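# Results of the structural survey
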Amino acid sequence: MKHLPKHLRPRWRYVAVGIETWSDAGIGRRAFQRALWYSAGNLLGDAGSADADLTLLSFAHADGTGEAVVRVRHGHVDDARAAIACVSEVDGEPVGIRVRGISGTVRACEERYMGRATPSSTQRDVAFEGAERSATVRGDACDVRAESGRVGATTFDTE
């Protein structure tokens, strides 16, 4: 079977996505892809979802932070951004997603918008709400364990 001429081949854009979860959440590649498809199907419908063709190319998640590269058809970038923004949980775990940027090639996407996994997290006790509490610290972000559950805080909040 012959290949399509270059002017008839589909054109793609690559969306760099930053992922943030609680530090002990485990999110897998398949679960994240399923959440993307589910979100696109609900927002764009079956036909719109098929046209956008959201495909997860690379995925990494550890210590509550992660990143992914999502491939989307050229004319459907805005639809894809909206569908990605609608993902609020993956396998029952709450998730925060941010589009870092869009590129025309995978290589440029990785070089411009994808860094290595964020620095490792450390466990320490912090002062929060007038008491010493256990927290996982990642840069300026803290996941503090309180009586009511976990609370996201910054280092400013814990002093």
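Thresholds applied
- Residues numbered from 1 in each chain as written.
- Predicted model: local features only at pLDDT ≥ 70, side-chain atom pairs only at ≥ 80, totals over all residues.
- Heavy atoms only, no water.
- UniProt positions renumbered as here; feature names shortened; annotations may be inferred.
- Helix = DSSP H or I, 4+ residues; strand = E, 2+ residues; numbered from the N terminus.
- Buried < 20%, exposed > 50% of the residue type's maximum accessible area, 1.4 Å probe, protein only.
- Contact = heavy atoms within 4.5 Å.
- Pairing = 2+ DSSP bridges.
- Axes fitted to C-alpha atoms, helices over the stretch in contact; angles between N-to-C directions.

The name that an unreviewed UniProt entry assigns to the chain is Ribonuclease P protein component 2, with the source organism given as Halorubrum ruber. As recorded by UniProt, the Function (unreviewed entry) comment attached to the chain reads in full: "Part of ribonuclease P, a protein complex that generates mature tRNA molecules by cleaving their 5'-ends." In the Subunit (unreviewed entry) part of its UniProt record, the chain is described as follows: "Consists of a catalytic RNA component and at least 4-5 protein subunits."

## Some thoughts on the environment of arginine 124
For arginine 124, the position within the fold is in strand E7 (residues 122–128). With relative accessibility at 43%, the residue arginine 124 sits in the partly exposed group. Separated by 90 residues in the primary sequence, arginine 124 and arginine 34 place their C-alpha atoms 35 Å from one another. Contacts of arginine 124, omitting those with residues within four sequence positions, involve Arg133, Ser134, Ala135 and Val137.

## Things to note about the pairing of E7
Where E7 lies against strand E8 (residues 131–138), seven bridges are found, and the strand directions are antiparallel. Note that in E8 the partner of alanine 127 across the bridge is glutamate 132. Linkage of E7 to E8, two consecutive antiparallel strands, is achieved through a turn of two residues, within which glutamate 129 is found at a positive phi near 55°.

## What to know about the sheet that holds strand E1 (residues 12–20)
One open sheet accounts for four strands, arranged E2-E3-E1-E6; its pairing is antiparallel. The outermost strands of the open sheet, each flanked by one partner alone, are strand E2 (55–62) and strand E6 (96–103). Across the sheet, the axes of successive neighbouring strands diverge by a mean angle of 20°, strand direction being ignored. Contacts from helix H2 (residues 77–85) reach E1, strand E3 (65–73) and E6, with the element oriented near 160° to E6. Set on the sheet, helix H3 (residues 106–113) makes contact with E1, E2, E3 and E6; between it and E6 the angle comes to about 125°.

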